[in-house]
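Coordinate analysis (summary)
Below are the chains, spelled out letter by letter.
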Amino acid sequence: MTGWRVPIDRLVWADPRRRARKLLQFAEVEAQGARDLFRAAEMTDDPLLRRRLFAHARDEVRHAALFRARGLALRRMLADPGPEHGLGDGLIPGERGFDRLEVERESIAALLAFIHLSERAASQAFAAYGAVLDHDPETRAVIDRIARDEEGHMRYSRAELTRLAPDARRALWVARLRRFWRAYLRLALILADMISRLILTLLYFLLLPPFAWVAKRAARKEAAGWRDCPEHDRAEGRAGGGQY
Amino acid sequence: MKILGISAFYHDAAAALTIDGLPVAAVQEERLSRSKNDPTFPMRAIEWCLDQAGLEPEALDAAIFYERPALKFDRVLMTLLRGFPQSWRIFPKAMKNMVGEKLWVRGIVSAQLGIPARRVHFTDHHLSHAAAAFLTAPTEEAAILTADGVGEWATLTVGQGSKRPGGPVDIRLLREVRFPHSLGLFYSAFTAWLGFPVNEGEYKVMGLAAYGAPRFADEVRRILRRTPDGAFSLDLGYFDYHRAVDAAYSRRFVDLFGPPRDRFEPIDPGTAQGRHYADVAASAQRVLEEVIVDIATAFRKETGLADLCLGGGVALNGVANARILREAGFERLFVPSAPGDAGCALGAALWADRILFGQPHRDCPDHPFWGPAVEPDDLARLAAEDGLAFERAAEADMIDNVADAIGRGAVVGWMEGAVEFGPRALGHRSILADPGDAAMRDRINRDIKFRESFRPFAPVVPVEQAATFFELPPGGARLGRFMSGVFPVRPEWRDRLRAVTHVDGTARVQVLEAAMAPRLHRLLGAYSRCHGIPVLLNTSFNIAGDPIVTSAAEGYSTFRRAGMDLLVADDVVVRRDRARQAQRMEVMA
């Protein structure tokens, strides 16, 4: 376990509301991971790898169910479970799928290296979470059980990588660099998002008020109900299929 | 002319290709990317359409986008201005959304396809819906009604169209209701309040409504009001979609109907809480029906036309469609297989061909099978590699065997030919099962589709015998062609059709003509000979959260994940061998 993260983990996992939310987030991540693995199984030509990916995906489905069940059980104990929109996947807007492999576009080596490193990271993270959950043995049992599975996934993906990729070490290094690059990009995107929000919000309050006044005035004059379709000539093609 | 239609950037992106006025390929991006309701630029779908026709992008005469981005930007900006200062939270997101990508469609299409920008055209969102509904329907003159969430400004339009083979086409949208007054967004607000994902869970609201009584109809009528001219308006105080990032309904909405459902908790219509949600769903459904039936009735009187073509996402509401057919006075109601935004790709391409470029009309083939075909050899290979029993059988034997298996309780994954264009499985990517056993419905919901227990399943029946089992009004068989209407199951058959009869005694029936899916039609015949009824449970071949399967590999994967008993891809049949599979899984573990 990495010692420096213990206080952070302890803080995160101490609050039952946050604990429930984390578990439900994990459930969503595992479910999405399962979809990716099933997809990878559909795409591969190697029968043994297909079966292993399939078995792995089934594990992820089971993990999603375990996380969800425990998260819901914790949530039901709360007087106020908090807002639901806090249960997103933690991605910034427009970032959907950013951290995931595009299964169809990856080589087998890249895919297996990605799986191996992801499972290793997950295994370490879950071990760390389990270590700060003495006060919640049921959640700890769920996390420990899943952490053990992740170790198994780590091993099979490494073995398959060795079996199928001529240069497994290189594939792992490339995958590590890609993870690093993605982490950097993720941080940069979050920063860019914050800056753009700030600038656009400033513009909103500085530039828009007079236009808003005019727009509101115009809106008051508009009656609800039917309106004639604006330009029949468009329907007849005379507008030339333009953007306006 | 070779015209590529594209819909994208909202939800359910798609591409469609027409050559000389006829569709040759159409597919939703989600079917290829495997990301449900994929809204991204449909590059995979475009590539597949072009490959299917053996074309390079340069050979295209035109590409047409299904709406006008600049007009849409106008609406977004105007809405933000009108919502000042409450719209401050949504402003950055909306601007980044529009200015980041959606406003530059001409450049994106041109760059992605490598064609000159002058070959990229646009049409109105609701004209695309209208064209998809009217130009694919077997009628020469019809009234047209489109209704959805929102396009550029319009949310509902009425118009009319005329066409004849070899002659000119006219589609004229006469009137529209404008954003923020929208039947689609009205329904979506209830979808969100009921804890279902918007643009995906609307089916669930309709299914849940059958469990309830519309005892909140008066409250809903306060929200969705009629205007003196026969249209409608929303009381915007109850909604937030026009000024908030992540909310469809407002505090007043919650005050009126109570706290929203916790999406993590299951709905049980047997409990007081569950009944409350069902009652609200029933009330929203009832008022939606009233409004749309009334608009259709008035339009029928105004135009005097016998046929109505219905497009837009609201046309997926089979209960409302059936009421329009019964009550509005039209003799026939045409809803395309893809009435939602995906279908706009085809609609836009057809509109461009007939109207933008003035080509004479050609009748489109009346079927939904425009997507990639299944490769049975792939299934045989996969099964062989995994040591599962499979056989290649002559069609008659295969059909008899499958009918026999279904009769003995098997759940069958059925893949045949090209994939359907649109959200319904219409016999080429279906899960088929015994329609008579209520336990079968529960098993498929719980163990195979992994979805809510209250959701109903659809039956498929040959057109020749449909009226025996279902109370179809005149024109009902046509509406049931693409599973677009919900009709009562005849009381004397409800007991034998328990798995497909919803709690209110209705079913969203697919009325199958032999010419459209001959093998499935023959399977129904074989099932009838063995078991006395030519009806099967027919649900989409996917698991909750996944798009409908496209390839043999996806069908095979879903078959194994869902624990189905039999998988058919054209002439290849794979049987589930539980013992052998369990043993292999143990070895893997």
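With an unreviewed UniProt entry as reference, chain B is termed Carbamoyl transferase, source organism Sphingobium chungbukense. Regarding chain B, the relevant UniProt record gives this comment under Sequence similarities (unreviewed entry): "Belongs to the NodU/CmcH family."

Taking an unreviewed UniProt entry as the reference, chain A is identified by name as Rubrerythrin family protein belonging to Sphingobium chungbukense.

1. So, the overall build of chain B
Within chain B, the secondary structure is distributed over 22 helices and 24 strands. Rg of the C-alpha trace for chain B: 23 Å, near the compact-globule value of 25 Å for 589 residues, within the 12% margin. For the C-alpha atoms alone, the extent of chain B along its principal axes is close to 65 × 60 × 55 Å. The buried share of chain B, taken over its 589 residues, is 66%. Long-range pairs, those at least 24 residues apart, make up 71% of the contacts in chain B with a sequence separation of at least 6. Total accessible area computed for chain B in this model is approximately 19,200 Å², and 50% of it derives from carbon and sulfur atoms. Considering chain B, the positive charge centre built from 69 side chains and the negative charge centre built from 74 side chains are found 3 Å apart.

2. What about empty space enclosed by the protein?
Residues and elements named next belong to chain B. Scanning all chains against the criterion turns up six cavities of 30 Å³ or more. Volume-wise, the largest cavity comes out at about 160 Å³. Together, 16 residues line the largest cavity, and Thr136, Pro336, Ser337, Leu346 and His367 are the ones closest to its centre.

3. So, helix H7 (residues 183–193) of chain B
Each turn of an α-helix holds 3.6 residues, which means side chains three or four residues apart point in the same direction. Within H7(B), 10 of the 11 residues are buried, which leaves the element mostly enclosed by the surrounding structure. Looking at H7(B), one finds that the buried residues are Leu183(B), Gly184(B), Leu185(B), Phe186(B), Tyr187(B), Ser188(B), Ala189(B), Phe190(B), Thr191(B) and Trp193(B).

4. Section: the layout of surface pockets
For the second largest pocket, the calculated volume is near 420 Å³. Forming the boundary of the second largest pocket are 22 residues, of which Ala219(A), Arg82(B), Pro180(B), Leu236(B) and His242(B) lie nearest the centre. Contributing elements (two or more residues each) for the lining of the second largest pocket: helix H6 (168–221) of chain A together with helix H3 (69–82) and strand E8 (170–178) of chain B. When residues of the lining of the second largest pocket are assigned to their parent elements, the largest contribution, three residues, is made by H3(B). Class assignment for the residues of the lining of the second largest pocket results in 10 nonpolar, six polar and six charged.

5. Overview of the sheet that holds strand E1 (residues 2–7) of chain B
All names here are of chain B. Pairing is mixed in the open sheet, where five strands are placed in the order E3-E2-E1-E4-E5. Only two strands of the sheet have a single neighbouring strand rather than two, namely strand E3 (22–28) and strand E5 (120–122). Recorded for the sheet is a direction-independent mean angle of 20° between the axes of neighbouring strands. Of the pairings in the sheet, the one linking strand E2 (residues 14–19) to E3 comprises six bridges and is antiparallel in character.

6. Here's the deal with the interface of chain A and chain B
Each side of the interface is counted separately: chain A has 58 residues, and chain B has 75 residues. Note on chain A versus chain B: buried area summed over both sides is about 6,100 Å², and carbon and sulfur give 55% of it. Together, Tyr204(A), Trp226(A) and Gln243(A) form the three largest contributors to the area buried by chain A at its contact with chain B, with a combined 15%. Between Arg76(A) and Glu265(B) there is a salt bridge, with its nearest N and O atoms 2.8 Å apart. Linking chain A with chain B are 21 residue pairs in polar contact (both at pLDDT 80 or more).

7. A look at the packing of aromatic side chains
Applying the stated rule across the entire model yields 33 aromatic pairs over all chains. An angle of 70° between the planes, with centres 5.2 Å apart, marks the rings of Phe186(B) and Phe190(B) as edge-to-face. Of this pair, Phe186(B) and Phe190(B) both sit in helix H7, four residues apart, which is roughly one turn of that helix. The same class applies to Phe186(B) and to Phe190(B), which are both buried. Joined through ring pairs, the aromatic side chains of Phe179(B), Phe186(B), Phe190(B), Trp193(B), Phe216(B), Phe239(B), Tyr241(B), Tyr249(B), Phe253(B), Phe257(B) and Tyr277(B) make up one cluster. Geometry around Phe179(B) places Arg75(B) over its ring, the cationic atom sitting 4.8 Å from the centre. Its end group placed over the ring of Phe38(A), Arg561(B) keeps NZ or CZ at 3.9 Å from the ring centre.

8. Concerning the domain arrangement of chain B
Residues and elements named next belong to chain B. The domain architecture assigned to chain B consists of domain 1 (2–136 + 339–366), domain 2 (183–333) and domain 3 (371–588). The gap between the C-alpha centroids of domain 1 and domain 2 is 27 Å. The interface is formed by 15 residues belonging to domain 1 together with 14 residues belonging to domain 2. When the buried area of domain 1 at its contact with domain 2 is split by residue, Ile90, Ala133 and Pro339 rank highest and sum to 37% of it. Linking domain 1 to domain 2 there are zero salt bridges. Counting the contacts that link domain 1 with domain 2 gives three residue pairs in polar contact (both at pLDDT 80 or more). Taken together, the elements giving at least two residues each to the side of domain 1 that touches domain 2 come down to helix H4 (90–100) and helix H6 (125–134). For the side of domain 1 that touches domain 2, the element with the highest residue contribution is H6, accounting for three residues. Taken together, the residues of the side of domain 1 that touches domain 2 sort by class into five nonpolar, seven polar and three charged.

9. Points about unusual backbone geometry
All names here are of chain B. Cis peptide bonds are those with omega within 30 degrees of zero, and the linkage from phenylalanine 84 to proline 85 qualifies with 0°. Structurally, the position occupied by proline 85 is in the loop between H3 and H4. Along the chain, phenylalanine 179 connects to proline 180 via a cis peptide bond; the corresponding omega equals 10°. Locating proline 180 in the fold gives a position in the loop between E8 and H7. You will see that methionine 483, though not glycine, has its phi angle at about 65°, which is positive. Within the secondary structure, methionine 483 sits in the loop between helix H18 (476–479) and strand E19 (487–488). Backbone geometry at aspartate 570 places phi at a positive 50°, although glycine is not the residue there. Assignment of secondary structure puts aspartate 570 in the loop between strand E23 (566–569) and strand E24 (572–575).

10. Looking at the sheet that holds strand E11 (residues 307–311) of chain B
Hydrogen bonding along the main chain pairs the strands of a sheet, whether they run parallel or antiparallel. On the basis of which strands lie adjacent, the open sheet formed by six strands has the order E1(A)-E8(B)-E7(B)-E6(B)-E11(B)-E12(B) and mixed pairing. Single-partner strands in this sheet number two, and they are strand E1 (227–228) of chain A together with strand E12 (332–334) of chain B. By the bridge criterion, three bridges tie E11(B) to E12(B) in an arrangement that is parallel. Each bridged residue has a counterpart across the sheet, and for Leu308(B) the counterpart in E12(B) is Leu333(B).

11. Here we look at the UniProt feature "transmembrane region" (unreviewed entry) in chain A
Feature annotation in UniProt assigns "transmembrane region" (unreviewed entry) to the following positions: residues 183–207 of chain A. When the span residues 183–207 of chain A is considered, its composition is 100% helix and 0% strand, and the gap between its end C-alpha atoms is 35 Å.

12. Section: the pattern of salt bridges
Between side chains of opposite charge, a pair can form as their charged atoms come close. Under the definition given, this model contains 65 salt bridges over all chains. Here Arg35(A) and Asp546(B) are joined by a salt bridge, their closest N and O atoms 3.2 Å apart. Residue Arg35(A) is found in helix H2 (residues 16–43), and its partner Asp546(B) is found in the loop between strand E22 (536–540) and helix H21 (552–562); the two belong to separate chains. Look at Arg35(A) and you get partly exposed, because its relative accessible area is 28%. Since its relative accessible area comes to 10%, Asp546(B) is described here as buried. Between Glu395(B) and Arg519(B) there is a salt bridge; the shortest N-O distance is 3.4 Å. Residue Glu395(B) is located in helix H15 (residues 395–407), and its partner Arg519(B) is located in helix H20 (residues 518–531); the two are separated by 124 residues in the primary sequence. By relative accessible area, Glu395(B) is classed as partly exposed at 28%. Using a relative accessible area of 10% as the deciding quantity, one classes Arg519(B) as buried. It is possible to trace a salt-bridge network through shared partners that takes in Arg39(A), Glu42(A), Glu104(A), Glu29(B), Arg34(B), Arg44(B) and Glu554(B).

Criteria and cut-off values
- The numbering scheme is per chain: residues are counted from 1 as the chain's sequence reads.
- Chains carry letters from A onward and ligands carry numbers from 1 onward, assigned in written order.
- Two thresholds apply to this predicted model, a pLDDT of at least 70 for residue-level local features and 80 or more for giving and counting side-chain atom pairs, whereas whole-chain, interface and lining totals are computed over all residues.
- Remark: hydrogens and water are excluded; side-chain values derive from all non-hydrogen atoms of the structure.
- UniProt positions are given in the numbering used here, feature names are shortened, and annotations may be inferred rather than shown by experiment.
- Secondary structure elements follow DSSP: runs of H or I no shorter than four residues count as helices, runs of E no shorter than two count as strands, and numbering proceeds from the N terminus.
- The globule rule used for comparison is 2.2 Å times the number of residues to the exponent 0.38, while the radius of gyration itself is calculated over C-alpha atoms.
- Under the scheme applied here, a residue whose accessible area is under 20% of the maximum for its type counts as buried, over 50% as exposed, and between as partly exposed, the area being computed with a 1.4 Å probe on protein chains only.
- Contacts are assigned to residue pairs with any non-hydrogen atoms lying within 4.5 Å of each other.
- Shrake-Rupley sampling with a 1.4 Å probe provides the accessible areas, and residues are treated as covered by the protein chains on show and by no other component.
- By the counting rule applied here, Lys and Arg register as positive and Asp and Glu as negative, while His and the ends of each chain are not counted.
- Where a charge lies is defined by one atom per residue type, namely NZ (Lys), CZ (Arg), CG (Asp) and CD (Glu).
- In this analysis a 1.4 Å probe is tested at points of a 1 Å grid over the protein atoms alone, and where it fits but cannot get out there is a cavity; an open set with protein on both sides within 12 Å along at least five of seven lines is a pocket; lining residues have an atom within 4 Å of a point.
- Grid points are joined across faces, edges and corners, and a volume is the space filled by probe spheres set on the points.
- By the convention adopted, Pro, Cys, Tyr, Trp, Phe, Met, Ile, Leu, Val and Ala count as nonpolar, Lys, Arg, Asp and Glu as charged, and the other residues, Gly among them, as polar.
- The criterion for strand pairing is that DSSP finds at least two bridges linking the strands in question.
- Whenever a helix is involved, its axis is fitted only over the stretch in contact; in every case the axis is a line through C-alpha atoms, and angles between N-to-C directions fall within 0 to 180 degrees.
- A simple way to read buried area is as the amount of 1.4 Å-probe accessible surface that goes missing from two parts once joined, with both sides added.
- By salt bridge we mean one thing: a side-chain nitrogen of Lys or Arg within 4 Å of a carboxyl oxygen of Asp or Glu.
- For this analysis, a polar contact is any N or O atom pair within 3.5 Å, provided that within protein one partner can donate a hydrogen and the other can accept it, and provided that sequence-adjacent residues contribute only side-chain to side-chain pairs.
- Only Phe, Tyr and Trp rings are paired, with Trp represented by its six-membered ring, and only when their centres lie within 6.5 Å; those with planes under 30 degrees apart are stacked, over 60 edge-to-face, the remainder tilted.
- Whether a charge sits over a ring comes down to the Lys NZ or Arg CZ being within 6 Å of the ring centre and within 35 degrees of the ring normal.
- All domain edges in this entry derive from an automatic or database-based domain assignment.

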